[in-house]
Amino acid sequence: MNGVAGYFGRNIPALYDCLRGDFGVESIKKLTWKNHQKSKKLFKSKFNEILQTFEDFDVEIDLG
């Protein structure tokens, strides 16, 4: 997110910061999350919190 090399962060507040913008580029509008089932197992209850954060910023999620 936010550029070629991107900035991803390591927690939900960092994701919020990425989606908020103000890094010289616009925030994303659509995200294709490949292998989301693996992420869901890894993140457990945080997975839904991550999805909610994307929803809060009107990011369309494709769980492809």
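Peer 1: Outline the side chain of Thr53, listing residues and values.
Peer 2: Along the chain, the position of Thr53 falls in helix 3 (residues 46-56). Exposure remark for Thr53: the relative accessible area of 7% places this residue in the buried category. In contact with Thr53, other than residues within four places in its own chain, are Ile12, Leu15, Tyr16 and Leu19.

Peer 1: Residues and numbers for the packing of aromatic side chains, please.
Peer 2: In total, this model carries two aromatic pairs according to the counting rule given. Taking 4.9 Å as the distance between ring centres and 70° as the angle between the ring planes, the aromatic pair formed by Tyr16 and Phe57 counts as edge-to-face. Residue Tyr16 is located in helix 1 (residues 12-20), and its partner Phe57 is located in the loop between helix 3 and strand 2 (60-62); the two are separated by 41 residues in the primary sequence. On the basis of an interplanar angle of 50° and a centroid distance of 5.0 Å, the ring pair of Trp33 and Phe47 is categorised as tilted. Of this pair, Trp33 sits in the loop between strand 1 (30-32) and helix 2 (36-43) while Phe47 sits in helix 3, and the two are 14 residues apart along the sequence. When its relative accessible area of 2% is taken as the criterion, Phe47 is described as buried.

Peer 1: Please set out the nonpolar core residue by residue, giving values where relevant.
Peer 2: Counting eight residues, the largest nonpolar core consists of Ile12, Leu15, Leu19, Trp33, Phe47, Ile50, Phe54 and Val59. Put simply, the parts of the chain that give this core at least two residues each are helix 1 and helix 3. Here Trp33 is in contact with Ser39, Phe43, Phe47, Ile50, Leu51, Phe54, Asp62, Leu63 and Gly64, once residues within four sequence places are set aside.

Peer 1: Break down the pattern of salt bridges for me, citing the residues and quoting the values.
Peer 2: Two side chains of opposite charge can pair, provided their charged atoms sit close to one another. In the structure shown here, the tally under the stated rule is one salt bridge. Between Glu49 and Lys46 there is a salt bridge whose closest N-O contact spans 3.4 Å. In this pair, Glu49 and Lys46 both sit in helix 3, three residues apart, roughly one turn of the helix. Note on Glu49: relative accessible area 35%, which makes it partly exposed. Given the relative accessible area of 42%, Lys46 is considered partly exposed.

What counts as what
- Residues numbered from 1 in each chain as written.
- Predicted model: local features only at pLDDT ≥ 70, side-chain atom pairs only at ≥ 80, totals over all residues.
- Heavy atoms only, no water.
- Helix = DSSP H or I, 4+ residues; strand = E, 2+ residues; numbered from the N terminus.
- Buried < 20%, exposed > 50% of the residue type's maximum accessible area, 1.4 Å probe, protein only.
- Contact = heavy atoms within 4.5 Å.
- Phe/Tyr/Trp six-rings, centres within 6.5 Å; stacked < 30°, edge-to-face > 60°.
- Core = buried A, V, L, I, M, F, W, Y, C linked by side-chain atoms within 4.5 Å.
- Salt bridge = Lys/Arg side-chain N within 4 Å of Asp/Glu carboxyl O.

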